[in-house]
Amino acid sequence: MNDLLSKFDPLIQERETLLATGVKDPFSLVMEEVKSPTVAICNGKETILLGTYNYMGMTFDDDVQQAGLTALKDFGSGTTGSRVLNGTYSPHRDCEEALKEFYGMDHAMVFSTGYQANLGIISTLAGKGDYVILDIDSHASIYDGCAMGNAEIVAFRHNDVEALEKRLKRLPAEAGKLVVLEGVYSMLGDVAPLKEMIRVCKENGAMTLVDEAHSMGFIGENGRGVCEDQGVIDDVDFVIGTFSKSVGTVGGFCVSNHPKFEIMRLVCRPYVFTASLPPSVMATASTSIRKLMHSGNKRAHLWENSKKLHKGLRDLGFELGTPEAQSAIIAVIMPDLERGAMMWQALLAEGLYVNLARPPATPANMTLLRCSLCAEHTAEQVDQILDMFAAAGKAVGAI
Ligand SMILES: Cc1ncc(COP(=O)(O)O)c(C=O)c1O
């Protein structure tokens with residue numbers, strides 16, 4: 001018998017070598033108690049959370065929690081069915097209404113996760129013979145959507161408008177083309193030049209999809225994302241997002257003004273062939289989305305936190321993923337996986353949780369300590385975080 005798992009031997013070996021150095025497994029952390037959007041108990045120790053993507057801190061919002069509890073009582077714990085059969089309850093419809101209000105768009109479709117939203121929308125739009133033109137650093141769900149639809153993938157250099165234009169010009173004029181971009185790229189926390197890119201797409205007859213997973217709720221005057229901030233929200237064909245970051249629960253969505261969009265509900269397999277989200281989740285999502293429309297003060301505080309952490313880390317001597325704070329993600333570049341894991345563990349020992357990210361998820365083979373700030377982090381917590389980075393960085397020789 002050919003052991004089908006043996007192809008993972010190099011990864012198993014790498015993991016064992018790393019654990020043999022005494023480093024704890026950074027991918028098996030358990031939060032024993034969660035006290036707030038910014039504090040949890042991990043390994044018995046009170047820990048500041050700086051790696052949760054809970055950008056707007058909505059997980060403990062009183063109205064959000066109450067809406068979930070009420071819907072749990074009123075509608076039960078789950079739908080046990082697909083959206084197109086028995087799985088559409090009034091909270092699902094209400095959540096789609098909330099999304100339409102939030103984005104000012106005609107159509108909204110909710111999926112069980114953001115991963116499934118990309119998988120479903122991209123694979124349904126772009127099939128065999130069509131082209132998906134994407135940034136090389138795109139999220140796995142975007143690549144998987146292309147593979148599922150069997151479209152030709154044409155990748156271009158990260159955030160490079162000229163490279164995108166060159167690729168588009170080489171494709172057959174009559175072919176179906178979908179350009180997929182992200183507002184904020186989650187590994188380094190950098191923002192895409194969407195204004196120029198959308199212009200180039202239009203000039204070359206391509207439809208556009210922007211994944212705003214890491215910008216919804218925070219970036220743009222009304223929190224609609226980088227598309228809003230750069231004035232192109234009315235020019236993109238599809239916006240994808242997730243409820244697992246700023247919205248503070250779970251789920252994914254696509255919004256669009258395309259007049260034929262509703263047909264997607266019947267032809268999109270990751271929408272049709274899976275159970276819908278529990279109504280309690282839908283109620284928490286719609287309550288959160290409506291509150292995010294009026295959260296200008298929280299957005300301003302989150303920007304302050306992000307800028308303060310970026311400057312503080314740079315002043316300490318860490319190498320960062322962007323020259324200035326561009327989003328709520330600040331990526332600290334580590335020299336290699338071993339030192340990255342040591343630093344991750346030293347931070348945890350100090351009482352700070354960040355994400356350790358490694359290839360293949362990261363660009364250019366980088367090992368990163370990714371910090372994601374929350375609007376609920378206080379200025380004092382950001383000071384504490386900087387002290388912890390200073391202590392851990394010195395202890396492992398990273399600064
Ligand atoms: C850019 C991007 N798109 C989609 C997703 C998937 O979202 P979800 O967690 O809802 O599946 C993520 C999650 O990390 C993401 O970073």
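In this text the structure is predicted, and so the values were computed from the model without any measurement.

> Honestly, the layout of surface pockets in this entry has me stumped. Any pointers?
It is the rolling of a water-molecule-sized probe over the atoms that shows where space remains empty. When its volume is computed, the largest pocket comes out at roughly 730 Å³. Taken together, 31 residues line the largest pocket, and the ones lying closest to its centre are His-139, Ala-140, Ser-186, Met-187 and Ala-361. Taken together, the elements giving at least two residues each to the lining of the largest pocket come down to helix H4 (114-125), helix H5 (140-149) and strand E11 (238-242). When grouped by side-chain class, the residues that make up the lining of the largest pocket number 13 nonpolar, 13 polar and five charged.

> Can you help me understand the packing of H4 against H5 in this one?
What describes two packed helices is the angle between their axes and the distance between those same axes. With their axes 7 Å apart at the nearest point, H4 and H5 run at an angle of 35 degrees to one another. As H4 runs across H5, the sense of the crossing is right-handed. For the pair H4 and H5, contact is made by Tyr-115, Asn-118, Leu-119, Ile-122 and Ser-123 and by Ser-141, Ile-142, Asp-144, Gly-145, Cys-146, Met-148 and Gly-149, respectively. Residue composition of the contact of H4 with H5, by class: six nonpolar, five polar and one charged.

> Help me understand the site of the ligand in this model?
Around the ligand there are 14 residues in total, and Gly-114, Tyr-115, Asp-211, His-214 and Thr-242 lie nearest to it. Within the side chain of Ser-244, a nitrogen or oxygen atom sits 3.0 Å from an oxygen atom of the ligand. Across the complex, the protein chains shield 84% of the 390 Å² of accessible surface that the ligand would expose by itself. Taking a 2 Å distance to the grid points as the criterion, the majority of the atoms of the ligand fall inside the largest pocket. The element that contributes the greatest number of residues to the shell around the ligand is H4, accounting for three residues. Among the residues forming the shell around the ligand, the class breakdown is two nonpolar, nine polar and three charged.

> Honestly, the sheet that holds strand E13 (residues 329-334) in this entry has me stumped. Any pointers?
Either a parallel or an antiparallel arrangement is found when strands of a sheet pair, and the pairing is made through backbone hydrogen bonds. If you walk across this open sheet you meet the three strands as E13-E16-E15, and the pairing is antiparallel. Looking along the sheet, the strands with just one partner apiece sit at the ends: E13 and strand E15 (355-357). The mean angle between the axes of side-by-side strands here comes to 25 degrees, regardless of whether they run parallel or antiparallel. As paired elements, E15 and strand E16 (residues 367-372) share three bridges and run antiparallel to each other. Across the sheet, Asn-355 pairs through a bridge with Arg-370, a residue of E16. Along the sheet, helix H12 (residues 296-316) contacts E13 and E16; its crossing angle with E13, the most-contacted strand, is approximately 20 degrees.

> Would you mind going over unusual backbone geometry with me for this structure?
A negative phi angle is the norm for most residues apart from glycine, just as the trans form is the norm for most peptide bonds. Of note, the bond from Pro-359 into Pro-360 is cis; its omega dihedral lies within 30 degrees of zero at 10 degrees. Residue placement: Pro-360 occurs in the loop between E15 and E16. With a phi angle near 50 degrees, Ala-364 is a residue other than glycine that sits in the positive phi range. Position of Ala-364 among the secondary structure elements: in the loop between E15 and E16.

> I would appreciate a short explanation of the pairing of strand E7 (residues 177-182) in the present structure.
Each regular strand carries side chains that alternate between the two faces of the sheet. Burial runs high along E7: six of the six residues are buried. Residues of E7 alternate between two faces, with Lys-177, Val-179 and Leu-181 on one and Leu-178, Val-180 and Glu-182 on the opposite face, all of them buried. One ladder, built from four bridges, connects strand E5 (residues 131-135) with E7; its direction is parallel. Bridge pairing in E7 links Tyr-131 to Lys-177. In this structure, E7 lies alongside strand E10 (residues 207-211), joined through five bridges in parallel fashion. Residue Glu-182 lies in a different strand from E10, and its bridge partner there is Asp-211.

> What is the right way to look at the packing of helix H6 (residues 161-170) against helix H7 (residues 194-203) in this model?
Two elements in contact, H6 and H7, have axes whose closest approach is 10 Å; the angle formed by their N-to-C orientations is 10 degrees. Taken as axis vectors, H6 and H7 run roughly parallel relative to one another. Listed contacts from H7 to Val-161, Leu-164, Glu-165 and Leu-168 of H6 are Glu-196, Met-197, Val-200, Cys-201 and Glu-203. Looking at the contact of H6 with H7 residue by residue, the class counts come to six nonpolar, no polar and three charged.

Thresholds, definitions, all that
Residues numbered from 1 in each chain as written. Predicted model: local features only at pLDDT ≥ 70, side-chain atom pairs only at ≥ 80, totals over all residues. Heavy atoms only, no water. 1 Å grid on protein atoms, 1.4 Å probe; cavity = no way out; pocket = protein on both sides within 12 Å on 5 of 7 lines; lining within 4 Å. Points joined across faces, edges and corners; volume = space filled by probe spheres on them. Helix = DSSP H or I, 4+ residues; strand = E, 2+ residues; numbered from the N terminus. Nonpolar A, V, L, I, M, F, W, Y, C, P; charged D, E, K, R; others polar. Axes fitted to C-alpha atoms, helices over the stretch in contact; angles between N-to-C directions. Left-handed = near helix turned anticlockwise from the far one by under 90°. Contact = heavy atoms within 4.5 Å. Near = heavy atom within 4 Å. Polar contact = N/O pair within 3.5 Å; in protein donor to acceptor, adjacent residues only side chain to side chain. Areas by Shrake-Rupley, 256 points an atom, 1.4 Å probe, with all protein chains shown as cover. Sits in = over half its atoms within 2 Å of the grid points. Pairing = 2+ DSSP bridges. Buried < 20%, exposed > 50% of the residue type's maximum accessible area, 1.4 Å probe, protein only. Parallel < 35°, antiparallel > 145°, perpendicular 65-115°, else oblique.

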